[in-house]
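# What the coordinates show
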Amino acid sequence: MRATVRDVAALAGVSPKTVSNVINGVVVVRPETRARVEQALAQLDYVPNLSARGLRNGRSGVVALTLPEMSSAYAAELARWFVELARDHDWVVQLDQTGSDPEREQELVSRARAHLVDGLVLNPVSLSASVLASTVGLPPTVVIGEVEPEHVDQVHVDSVAAATEVTRYLLDRGHRRIAAVGAPAATADRTRVTATSELRVSGYEQALRAAGVEPDPALRVPVASWTTSDAASAFAAWLDHHPLPDAVFAFTDSIAFGVLHVLAARGISVPDEVSVIGFDDVDGAAFAIPALTTVSFDRRSFAGAALDLLAARIADRDAPAATVVIPHRIVERASVRSTP
């Protein structure tokens, strides 16, 4: 049978309370006493009963991270840092994906209200459809991504600024016909448009207008889902009916990989005939052919900031909402021509 605190106390010759103080590290224990307790813990192979501890302090030691999907390289890299850094808070991370379904978000909120998880990190794609549209009775929650609910802690990258910089970067290299792959169609139902695509289109169009270039709706290339396969299908179909653009601004690296595939299959040289730039700087971006120029930001800092905000929110439910903006930069590689 698993050793208990009483078993450890008996072997070390101390009280169960002293064993708890050593395990929890809250109360100072004399070094010689601590040494005896730690020796007993090791000898008995003691494992803390986290369920019992949760019943005592009202915490489960589990936080939930939900992403729209888990299959992309970006999602995998981000989830990895959440799992790794949650250990600094003595948390276990429960991973889930919503598939952009608000009902799944509601299930997570219900679990948190039932104290099955201590807090939530949510990545909704649209505020109007999200459970965050109403913050009444919301458990400790941090939002990651571009949806901007009021009164909820948030961590995100400034997509408008980043898209503006990307478009200006391409304009400075002589490109004028810049396709935005991943942008919603100009006639799209606004309730189905993701916050990320909307903000990146906004930055893209701002930069074009500032350069005296009127945005062309025909250069928007909608993609059903931001996967490499869907991007390749959408971009190939678009190229069948449109002239080759000067450059492509792909709204994610996964989209950019699909674009590069289509261009290579058609014998179109990158960057000699068309430049391509992505967003996210996933691990594979540096190994694309040609290596992908992209927007980069520190995923470790992103996850760490979200977890720190969640810890602060769990500790103080009434504190003012906080927002952390993670810096970004353009990483120059071989997929964008260097001169006009």
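Scroll up to find the structure.
Everything numeric here is computed off the predicted structure, so don't read it as measured data.

Below, the discussion takes up the sheet that holds strand β12 (residues 328-331). Taken in spatial order, the six strands of this open sheet run β7-β6-β8-β9-β10-β12, and their pairing is mixed. Both edges of this open sheet fall to β7 (220-221) and β12, since each of them pairs with a single strand only. Of the strand pairs in this sheet, strand β6 (residues 178-181) and β7 are connected by two bridges, and their pairing is parallel. In the sheet register, A180 faces β7, and the bridge partner there is R220. In this fold helix α10 (residues 253-265) packs onto β6, β8 (247-250), β9 (275-280) and β10 (293-297), with an angle of close to 155 degrees to the strand it touches most, β9.

Helix-helix packing is described using two parameters, namely the angle between the two axes and the distance between the axes. Close contact between helix α1 (residues 5-12) and helix α3 (residues 31-44) brings their axes to 9 Å; oriented N to C, the two are set at 125 degrees. It follows from the interaxial angle that α1 and α3 lie oblique. The two elements α1 and α3 meet at a crossing, and its hand is right-handed. Touching D7, V8, L11 and A12 of α1 are R36, V37, A40, L41, Q43 and L44, all from α3.

On to the side chain of T18, then. Residue position: T18 is located in helix α2 (residues 16-24). If we skip the residues at most four places from it in the chain, T18 touches V29 and T33.

Before going further, it helps to spend a moment on the sheet that holds strand β4 (residues 141-144). The strand order across the open sheet formed by six strands is β2-β1-β3-β4-β5-β11, and the pairing between neighbours is parallel. The open sheet terminates on both sides in strands that have one partner only, identified here as β2 (92-97) and β11 (323-325). In this sheet, neighbouring strand axes are inclined to one another by 15 degrees on average, regardless of whether the strands run parallel or antiparallel. The strands touched by helix α11 (residues 299-315) are β1 (62-67), β3 (119-122), β4, β5 (153-156) and β11; relative to β5, the strand with the most contacts, the crossing angle is about 175 degrees.

A separate point is the packing of helix α7 (residues 159-172) against helix α8 (residues 195-210). In contact at an axis separation of 7 Å, α7 and α8 are set at 40 degrees when each is read in the N-to-C sense. Here α7 lies oblique to α8, going by the angle between them. With respect to the hand of their crossing, α7 and α8 are arranged in right-handed fashion. Contacts between α7 and α8 involve S159, V160, A163, T164, T167, R168 and L171 from the former and T196, L199, R200, S202, G203, Y204, Q206, A207 and L208 from the latter. Classifying every residue of the contact of α7 with α8 gives seven nonpolar, seven polar and two charged.

For the rest of this paragraph, the subject is the packing of aromatic side chains. A ring pair, where both rings are aromatic, is described by two values, the distance of the centres and the angle of the planes. Scanning the model with the defined rule gives five aromatic pairs in all. Ring geometry for F235 versus W238: centroids 5.9 Å apart, planes at 15 degrees, classification stacked. Linking F235 with W238, this pair stays in helix α9 (residues 228-239), spanning three residues, or about one helical turn. Here a set of aromatic residues connected by ring pairs shows up, and it is made of Y74, F297 and F302. The ring of Y169 has R173 lying over it, and the distance from NZ or CZ to the ring centre is 3.7 Å. When the ring centre of F297 is taken as origin, the NZ or CZ atom of R299, which lies over that ring, is 5.0 Å away.

Before going further, it helps to spend a moment on the pattern of salt bridges. Summed over the entire model, instances satisfying the criterion amount to 12 salt bridges. When the shortest N-O distance is used, the salt bridge between E32 and R30 registers 3.8 Å. For R30, a relative accessible area of 58% gives the class exposed. Put simply, E77 and R299 hold a salt bridge, and the shortest N to O gap is 2.8 Å. Within this pair, whereas E77 is found in helix α5 (residues 73-86), its partner R299 is found in helix α11, the two being separated by 222 residues in sequence. What you see here is one network of salt bridges that share partners, running through E205, R209, E214 and R220.

So, how was this worked out
- Residues numbered from 1 in each chain as written.
- Predicted model: local features only at pLDDT ≥ 70, side-chain atom pairs only at ≥ 80, totals over all residues.
- Heavy atoms only, no water.
- Pairing = 2+ DSSP bridges.
- Helix = DSSP H or I, 4+ residues; strand = E, 2+ residues; numbered from the N terminus.
- Contact = heavy atoms within 4.5 Å.
- Axes fitted to C-alpha atoms, helices over the stretch in contact; angles between N-to-C directions.
- Parallel < 35°, antiparallel > 145°, perpendicular 65-115°, else oblique.
- Left-handed = near helix turned anticlockwise from the far one by under 90°.
- Nonpolar A, V, L, I, M, F, W, Y, C, P; charged D, E, K, R; others polar.
- Phe/Tyr/Trp six-rings, centres within 6.5 Å; stacked < 30°, edge-to-face > 60°.
- Lys NZ or Arg CZ within 6 Å of the ring centre and 35° of its normal.
- Salt bridge = Lys/Arg side-chain N within 4 Å of Asp/Glu carboxyl O.
- Buried < 20%, exposed > 50% of the residue type's maximum accessible area, 1.4 Å probe, protein only.

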